[in-house]
Structures are given as structure tokens and as C-alpha cells.
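Residue-level structure breakdown
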Amino acid sequence: MSEPNDKGFKTKKDFNEPGSLKYRNKQAESIQKELTQRPKFSIRNRIAIGFLLTFVLTFSTIITGMVYISNLGHKQRFSANAGNFEFEVQQARRFEKNYFLYNTNLVDAQYHAQNARSILTFFKDDMRHIFGDSAFKNISNILAHYEDSLNKLAAIAGRTDSAAIEMRLRLEPEIRRASARLVEDALTAVGQERQRVQDL
């Protein structure tokens, strides 16, 4: 009798014999092994999942980009409004100084002060965001006082009586202080807003 070989069969014929119990067991083990080694996902499913992941990543990137661009647009608008406000108060202060030095340009100072007021009014939400609620209210009050003082100064312009001279002497330091404070606050706001844009 022949000895069993390393496959567990006595002869090659036994190994190849379909009716053999060992053959059937070996065949079942082979099938079982193939089944257990099959991937959990078919190639088609893998491709579908790959496309889905690519779509999700692309969509997320697009949404992130849109949010970033939107935020940048808001910041640039805030910065532009703050810059315009700064320009108007700077110009008002410049012409106000000209009036006290040379008795000219008072109307120009009033014009730019009114423009600064228009910016605060028309872009109230933006300016509140830039300055903060408390600072916005304070700047609005200072600007209102500044405009009122310029209007009082305009009402006595050209007069040389003692009452007019006394009022001008009283109004001048008030106007100078108010415009200096407006310029300082505007410069601070513009600097902060530009920094926010750069930090994006």
C-alpha cells in the first residue's frame, strides 16, 4: 500500500477522484477560503464610494471658498466705509483749520462733516460693526456736536461785534477738540478693520 503524500492522499489518482471524500473536503475548504478572502466591497462599489468621497470633498472645498470670499467681501466693504468716514472727517478738520487761520473754507468743513454724518447714517450696521455699539454712539454724539458747533460758527461768520467774537473764541476749542477726537477714532477704526482683512 502506498504511503499518503503531503496532500493527505495516497496517490495522485485518489487526489483527482471526484467521488473521493477527501477531494470533496478539500474542494469545500478551497471554496470557503476563496469566499472569506473576497473583498467586502466589489470594485463597482469601491468606484462609487470613491466618486462620492471626491464629490463631498469638492463640494466642501467650494462651500468653504464661498464662505471665505463672502467674509472677505464684507470685510472689504467695512474697510472701505471706515476709510471713507476717515477721509471726510480729515477733510472737515482741514477746512476747519483753514477757517480759523485764514477765515476761509467754513462751508467746505460743513460739507465734509455732513458727508461723514451720511456715512454713519446710510451704513449704520457696518459702522456699528466697525466701531462697536458704545463707540458708535459716542462718535455719533461727537459728530452731532461738531456739526452743531460749525453751524453756530457759520451763523456769526463775518460779524465783528463783541458777542460774535466771544462766541467764536468759545466755539474754536470745542470744534478743534471734537474734530481731533473724530479723526483719532476714525484712524483707529480703519487700522483695526484693515488688520481684520489681513488676518483672514
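First things first, this report covers the structure right here in the doc. (Residues numbered from 1 in each chain as written. Predicted model: local features only at pLDDT ≥ 70, side-chain atom pairs only at ≥ 80, totals over all residues. Heavy atoms only, no water.)

1. With respect to helix H5 (residues 124-131)
Here is the rule: A 1.4 Å probe rolled over the protein chains alone gives each residue an accessible area, and that area as a share of the maximum for its type sets the label: buried under 20%, exposed over 50%, partly exposed in between. To qualify as a helix, a DSSP run of H or I must reach at least 4 residues; to qualify as a strand, a run of E must reach at least 2; elements of each kind are numbered from the N terminus. The arc in question is the one spanned by the directions pointing from the helix axis to the C-beta atoms.
Along H5, the residues classified as buried are Asp126, Met127, Ile130 and Phe131. An end-on view of H5 places all buried positions within 115 degrees of arc, on one side of the element. Immediately downstream of H5, the backbone of glycine 132 shows phi near 90 degrees, a positive value.

2. Observations regarding the nonpolar core
Applied cut-off: We define the nonpolar core as a collection of buried residues of types Ala, Val, Leu, Ile, Met, Phe, Trp, Tyr and Cys that are connected through side-chain atoms lying within 4.5 Å of one another. What makes two residues a contact is simply this: any of their non-hydrogen atoms within 4.5 Å.
Ranked by internal contacts, the top residues of the largest apolar core, which has 34 residues, are Phe85, Leu120, Met127, Phe131, Tyr146 and Leu153. Taken together, the elements giving at least two residues each to this core come down to helix H3 (43-102), helix H4 (106-122), H5, helix H6 (133-155) and helix H7 (162-199). Excluding anything up to four places from it in sequence, leucine 153 contacts Tyr99, Phe100, Leu106, Arg168, Leu171 and Ile175.

3. Describing unusual backbone geometry
Located in the positive-phi region is asparagine 103, a residue other than glycine, with phi close to 65 degrees. Counting through the fold element by element, asparagine 103 comes out in the loop between H3 and H4. The phi angle at asparagine 105 is positive, at roughly 70 degrees, despite the residue not being glycine. Asparagine 105 sits in the partly exposed class, given a relative accessible area of 27%.

4. Comments concerning the packing of H5 against H6
Helix-helix packing is described using two parameters, namely the angle between the two axes and the distance between the axes. Stated precisely, the cut-off is as follows: Lines are fitted to the C-alpha atoms to define the axes, a helix being fitted only along its stretch in contact, and any angle between axes, read from their N-to-C directions, falls within 0 to 180 degrees. Should an angle fall under 35 degrees it is called roughly parallel, over 145 degrees roughly antiparallel, and 65 to 115 degrees roughly perpendicular, with every other angle called oblique. By the definition used in this description, the sense in which the near helix is turned from the far one sets the handedness, with an anticlockwise turn below a right angle giving left-handed and a clockwise turn giving right-handed.
At a closest axis distance of 6 Å, the pairing of H5 and H6 adopts a crossing angle of 115 degrees. The pairing of H5 with H6 is recorded here as roughly perpendicular in orientation. Considering the relative orientation of H5 and H6, their crossing is right-handed. In this structure, H5 uses Lys124, Met127, Arg128 and Phe131 to contact H6, whose residues at the interface are Asp133, Ala135, Phe136 and Ile139.

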